[in-house]
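Now for the letters of each chain:
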Amino acid sequence: MRALFICVASCLLVVNDGNIINRCTLAKILYEEDLDGFEGYSLPDWLCLAFVESQFNISKVNENADGSFDYGLFQINSRYWCNDFQSHSENFCHTNCQELLNPNLISSIHCAKRIVSGSGGMKNWVAWRLHCLGRPLSYWMTGCRLE
Ligand SMILES: *[C@@H]1O[C@H](CO)[C@@H](O)[C@H](O)[C@H]1NC(C)=O
């Protein structure tokens, strides 16, 4: 019984290896990058956004019906924000889409800041508007320490 429990616990760790960022680790990174209150959005808004877009999977890539792709933690779209060298892109964030999959999250965070600074703010992400806007969100920070 005890051996089984240990196996279950360690197997879960292996499954999560690499792709899924821990919620509180992410909160700390977002805090250090000055996102708490950026353009009026709190850390729980950012955590909710990351969860509904990528389920905290920093290497998530998703193809859209129009042939563009969404990249990384915030599922940033290649048609407007980054260059994937596959289709025309406005490349407003002046970055290679692959950089939005970098585990250091720097490019994703910089690009997300640019998106949220535009008109519509976080409403640019449909999933945030549907699942996070106007809801109680403080529980996203439960158990997280920023210092
Ligand atoms: C994260 O996303 C990548 C790319 O879309 C996928 O291959 C991987 O299975 C995902 N990881 C998890 C744990 O869902």
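The model shown is predicted, which means the values in this text are computed figures rather than measured ones.

(A) Here's a closer look at the packing of aromatic side chains. Across all of its chains, the model carries nine aromatic pairs by this definition. When the ring of Y41 is compared with that of W128, the centres are 5.6 Å apart and the planes differ by 85 degrees; the resulting orientation is edge-to-face. With a gap of 87 residues between them, Y41 in the loop between α2 (23-32) and α3 (43-54) and W128 in helix α5 (residues 126-131) connect regions that are remote in the sequence. Residue classification places W128 among the buried residues on the basis of a relative accessible area of 3%. Chaining the aromatic ring pairs together yields one cluster made of F51, F56, Y139 and W140. Directly above the ring of F38 sits K113, whose terminal nitrogen or CZ lies 5.3 Å from the centroid.

(B) Broad picture of the state of the cysteines. Under the counting rule described, the total for this entry stands at four disulfides. The disulfide partner of C24 is C144, and the S-S distance across this bridge is 2.0 Å. Taking the sign of the S-S torsion, about -75 degrees here, the bridge from C24 to C144 comes out left-handed. Within this pair, whereas C24 is found in helix α2, its partner C144 is found in the segment after α5, the two being separated by 120 residues in sequence. For C144, a relative accessible area of 14% puts it in the buried group. In the protein chain, numbering the disulfide-bonded cysteines from first to last in sequence yields the connectivity 1-8, 2-7, 3-5, 4-6.

Calculation rules
- Residues numbered from 1 in each chain as written.
- Predicted model: local features only at pLDDT ≥ 70, side-chain atom pairs only at ≥ 80, totals over all residues.
- Heavy atoms only, no water.
- Phe/Tyr/Trp six-rings, centres within 6.5 Å; stacked < 30°, edge-to-face > 60°.
- Helix = DSSP H or I, 4+ residues; strand = E, 2+ residues; numbered from the N terminus.
- Buried < 20%, exposed > 50% of the residue type's maximum accessible area, 1.4 Å probe, protein only.
- Lys NZ or Arg CZ within 6 Å of the ring centre and 35° of its normal.
- Disulfide = S-S within 2.5 Å.

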